[in-house]
Amino acid sequence: MTARDAYVRKLKEQLDRWNAEISKLDVKAKQPLASVKEAYEKQLKELRGRRNAMQQQLAEIQKAGDHAWDHLREGADTAWKAMEESVKKAWSVFK
């Protein structure tokens, strides 16, 4: 297995975990708490946007040649960190 294959697998697994987190947060957002519903929706919108960006980066890495994928990895690592922070922030709002 190449380093790129391992990295792609790692990204896919993390995206699956984030999708599960977003689903859990979505359930919480649908609870009848009108005062916080807007905050929940805002957080979910941000999370979905970041997740979509990660999925796009993953697709670019998968299509990239051997020489280009390492450069793309840097951008994916940055997006990964931003996504992790967004998930943490969302859970802090939902608690």
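Shown above is the structure to which this text applies.
Counting from 1, residues in each chain are numbered in the order their sequence is written. With the structure being a predicted model, the display of local features is reserved for residues of pLDDT at least 70 and the display and counting of side-chain atom pairs for 80 or more, all residues being used for whole-chain, interface and lining totals. To obtain the side-chain values, all non-hydrogen atoms of the structure were included, while hydrogens and water were left out.

S.K.: Break down the overall build of the protein for me, with residues and values.
M.R.: Numbering of helices and strands starts at the N terminus; helices are DSSP runs of H or I of at least 4 residues and strands are runs of E of at least 2. Assigned secondary structure in the protein consists of 3 helices and 0 strands. Reading the protein from its N terminus to its C terminus gives the helix and strand order α-α-α. Split into buried and exposed, the 95 residues of the protein put 31% on the buried side. A separation threshold of at least 6 residues defines the contact pool for the protein, and within that pool the share at least 24 residues apart is 75%. For every accessible area listed, the method is Shrake-Rupley and the probe measures 1.4 Å; residues are considered covered only by the protein chains on display. Total accessible area computed for the protein in this model is approximately 6200 Å², and 51% of it derives from carbon and sulfur atoms. Distance between charge centres in the protein, computed from 20 positive and 15 negative side chains, equals 5 Å. Buried residues are those whose accessible area, probed at 1.4 Å on protein chains only, stays under 20% of the maximum for their type, while exposed residues exceed 50% and partly exposed ones sit between those limits. When checking whether two residues touch, look at their non-hydrogen atoms; a contact exists if any pair is within 4.5 Å. For the purpose of charge, His is not counted, nor are the chain termini; Lys and Arg are scored as positive and Asp and Glu as negative. Where a charge lies is defined by one atom per residue type: Lys uses NZ, Arg uses CZ, Asp uses CG and Glu uses CD.

S.K.: If you had to explain the pattern of salt bridges to someone new, which residues and values would you point to?
M.R.: For this document, the term salt bridge refers to a Lys or Arg side-chain nitrogen within 4 Å of an Asp or Glu carboxyl oxygen. Within the structure shown, the criterion is met by 4 salt bridges. Two residues, Arg 48 and Asp 26, come together in a salt bridge whose shortest N-O distance is 3.2 Å. With Arg 48 in helix 2 (residues 34-63) and Asp 26 in helix 1 (residues 3-29), this pair connects stretches of sequence that are 22 residues apart. Looking at Arg 48, the relative accessible area reads 28%, which means it is partly exposed. Notably, a salt bridge pairs Arg 50 with Glu 46, separated by 3.4 Å at the nearest N-O pair.

S.K.: Explain the side chain of Arg 51 to me, using residue names and the numbers behind them.
M.R.: Relative to the helices and strands, Arg 51 is located in helix 2. Here Arg 51 sits buried without a salt bridge, and the closest side chain of opposite charge, Asp 26, lies 9.0 Å off (N-O distance). A polar contact is formed between the side chain of Arg 51 and the side chain of Asn 52, at a distance of 3.3 Å. Ignoring any residue separated from it by four or fewer positions in sequence, one finds Arg 51 in contact with Leu 15, Asn 19, Ile 22 and Met 83. In the analysis that follows, any N or O atom pair within 3.5 Å is treated as a polar contact, provided that within protein one partner can donate a hydrogen and the other can accept it, and provided that, for residues neighboring in sequence, both atoms belong to side chains.

S.K.: Summarise the environment of Ser 23; cite the residues concerned and give the values.
M.R.: Turning to its location among the elements, Ser 23 is positioned in helix 1. Along the chain, Ser 23 and Leu 44 lie 21 residues apart, while their C-alpha atoms are 9.4 Å from each other.

None of the figures reported here should be taken as evidence of function without further support.
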